[in-house]
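Structural overview for review
Here's the letter readout for the chains.
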Amino acid sequence: MKRAMKSFLLFAFAFLLLGGLLPVSSYAAAQEDSVRELRVMTYNLRYLNTTDASPHTWAERRPTVRQLIRNEQPDIFGTQEAVYQQLKDVDEDLPEYDWIGLGREGGSKGEFMAIYFNKTRFSPLEYDHYWLSDTPDEVGSMSWGNTIPRMVTWVKFLDRKTNKQFYFVNTHFDHRSVEAREKSAALIAEKIKEFNPELPVLLTGDFNTGPDSQPHQTLTNEGPFTDLWDSAEIKKNEHLGTFNGFRDPTGGGSANKIDWILSNDKAKAKSIEILNYQKNGQFPSDHYPVIADLTLHY
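Definitions and cut-offs
- Residues numbered from 1 in each chain as written.
- Predicted model: local features only at pLDDT ≥ 70, side-chain atom pairs only at ≥ 80, totals over all residues.
- Heavy atoms only, no water.
- Pairing = 2+ DSSP bridges.
- Helix = DSSP H or I, 4+ residues; strand = E, 2+ residues; numbered from the N terminus.
- Contact = heavy atoms within 4.5 Å.
- Phe/Tyr/Trp six-rings, centres within 6.5 Å; stacked < 30°, edge-to-face > 60°.
- Buried < 20%, exposed > 50% of the residue type's maximum accessible area, 1.4 Å probe, protein only.
- Lys NZ or Arg CZ within 6 Å of the ring centre and 35° of its normal.
- Salt bridge = Lys/Arg side-chain N within 4 Å of Asp/Glu carboxyl O.
- Core = buried A, V, L, I, M, F, W, Y, C linked by side-chain atoms within 4.5 Å.
- Axes fitted to C-alpha atoms, helices over the stretch in contact; angles between N-to-C directions.
- Arc of directions from axis to C-beta.

1. A look at the sheet that holds strand S6 (residues 151–159)
Taken together, six strands build an open sheet; the order of strands is S5-S6-S7-S8-S11-S9 and the sheet is mixed. If you trace the sheet from one side to the other, it starts and ends with strand S5 (122–131) and strand S9 (226–227), each paired once. Examined bridge by bridge, S5 and S6 share nine bridges and lie antiparallel to one another. In the sheet register, Tyr127 faces S6, and the bridge partner there is Val155.

2. As for the environment of Tyr127
In this fold, Tyr127 is placed in strand S5. A sequence separation of 29 residues divides Tyr127 from Lys156, and the C-alpha atoms of the two residues are 6.1 Å apart. Contact partners of Tyr127, with chain neighbours within four places excluded, come to Ile100, Trp154 and Val155.

3. Some thoughts on the packing of aromatic side chains
What the rule picks out here adds up to 16 aromatic pairs. Arranged with centres 5.8 Å apart and planes meeting at 80 degrees, the rings of Phe122 and Phe166 form a pair that is edge-to-face. With Phe122 in strand S5 and Phe166 in strand S7 (residues 164–172), this pair connects stretches of sequence that are 44 residues apart. With respect to burial, Phe122 and Phe166 carry one shared label: buried. Taken together, the ring pairs connect Phe77, Tyr84, Tyr97, Trp99, Phe112 and Tyr116 into an aromatic cluster. In this structure, Lys164 packs its charged tip against the face of Tyr298, placed 5.3 Å from the ring centre. Above the plane of the ring of Tyr130 lies Lys191, whose end atom (NZ or CZ) is 4.9 Å from the centre.

4. Observations concerning the pattern of salt bridges
Under the criterion given, the structure shown has 18 salt bridges. Note that Arg39 and Asp293 form a salt bridge whose closest N and O atoms lie 2.8 Å from each other. Of this pair, Arg39 sits in strand S1 (residues 37–44) while Asp293 is found in strand S13 (residues 290–296), placing the two residues 254 residues apart along the sequence. With relative accessibility at 21%, the residue Arg39 sits in the partly exposed group. One salt bridge in this structure joins Asp93 and Arg62, with 2.8 Å as the shortest N-O distance. Separated by 31 residues along the polypeptide, Asp93 in helix H4 (residues 84–93) and Arg62 in helix H3 (residues 58–72) bring together distant segments of the chain. For Asp93, a relative accessible area of 8% translates into the label buried. Taken together, the salt bridges that share partners define one network made up of Arg62, Arg66, Asp89, Glu92 and Asp93.

5. With respect to the nonpolar core
Counting residues in each nonpolar core, the largest one holds 28 residues, and the members touching the most others are Phe157, Phe166, Leu202 and Leu294. Looking at this core, the elements with two or more residues in it are S1, strand S4 (115–118), S6, S7, helix H7 (228–231), strand S12 (267–274) and S13. Excluding residues that lie within four positions of it along the chain, Leu202 makes contacts with Leu38, Val40, Phe166, Tyr167, Phe168, Val169, Leu262, Ser263, Ala267, Leu294 and Leu296. Val169, Phe195, Phe207 and Leu262 belong to the second-largest nonpolar core, a separate cluster that totals 22 residues.

6. A look at the sheet that holds strand S3 (residues 97–100)
Spatial ordering of the open sheet is given by S3-S4-S2-S1-S13-S12-S10, a layout of seven strands whose pairing is mixed. One side of each edge strand has no neighbouring strand; the edge strands of this open sheet are S3 and strand S10 (234–236). When strand polarity is set aside, the average angle formed by the axes of neighbouring strands in this sheet is 20 degrees. The sheet contact formed by S1 and strand S2 (residues 76–80) spans five bridges and is parallel. Residue Met41 lies in a different strand from S2, and its bridge partner there is Phe77. Of the strands in this sheet, S1, S2, S3 and S13 touch H3, which is tilted by about 160 degrees from S1.

7. Comments concerning helix H6 (residues 214–222)
Every buried residue belonging to H6 is among Pro215, His216, Thr218, Leu219 and Thr220, and all of these are buried. Take H6 and look down its axis: the buried residues cluster within an arc of 170 degrees, on one side only. Along H6, exposed side chains directed more than 90 degrees from the buried face belong to Asn221 and Glu222. In this structure, the buried residues of H6 make contact with helix H5 (178–191), strand S8 (201–206), S9, H7 and strand S11 (259–263).

Printed below as a string of structure tokens:
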């Protein structure tokens, strides 16, 4: 009798579903939302130089960086500070990713604000670069008291998994000039208005200032962004900062979160984490990466 009743219930459910009497759209919407999930990361890789002492030379850190990224498997991530040789190394180490970027002094010169993405899932539709200055279209331009060029790289992506589009923006603010950081935030907030307002926008970067600063307020209060650290349902390693300097496991403490992942109102973070991975006392970089699991909404 139980078997007969079970068979009848299954048949009735199938009949109602096929007949359109059950809310199929709600199930489809839930499934559609689930495949829009993204794992996004920001990571200052520390530039290649001859002054970092062992075990923190790039040659020694390179396999640790590779291991961290393979462990976490971000779908898309922005890097800061890396020069062309480092980007080629990361590209060789992580063949599942492709990347887009331009040296801040033009071509392959200077540090890049590179954007790495899973090349089987994402297709770049548009991309461009601009400089954080009074003349943003001028390659290598500087204003506002900074002594090295600062820039933005952005890409409009198609997610082939969902057939949806979104923007990814990556930057690195000046480390010395307060004016440069404040005006850089204002410029980004203004330039974002050129994007399709119907699409999600993700902004990653090393902002060289904490969440209580004016640039943060400009982007999140006056601009269109939310700091995913504030809005995420789950926060891991909340007590840490993000600049460890190759020596400070606390990353400078919770007030020193200078690496951010921001979004407009079309993204919601399930979780966000500061990754304090080390290998035998070696820091992969002088910054901790920040990673977030989020869902895009349209």
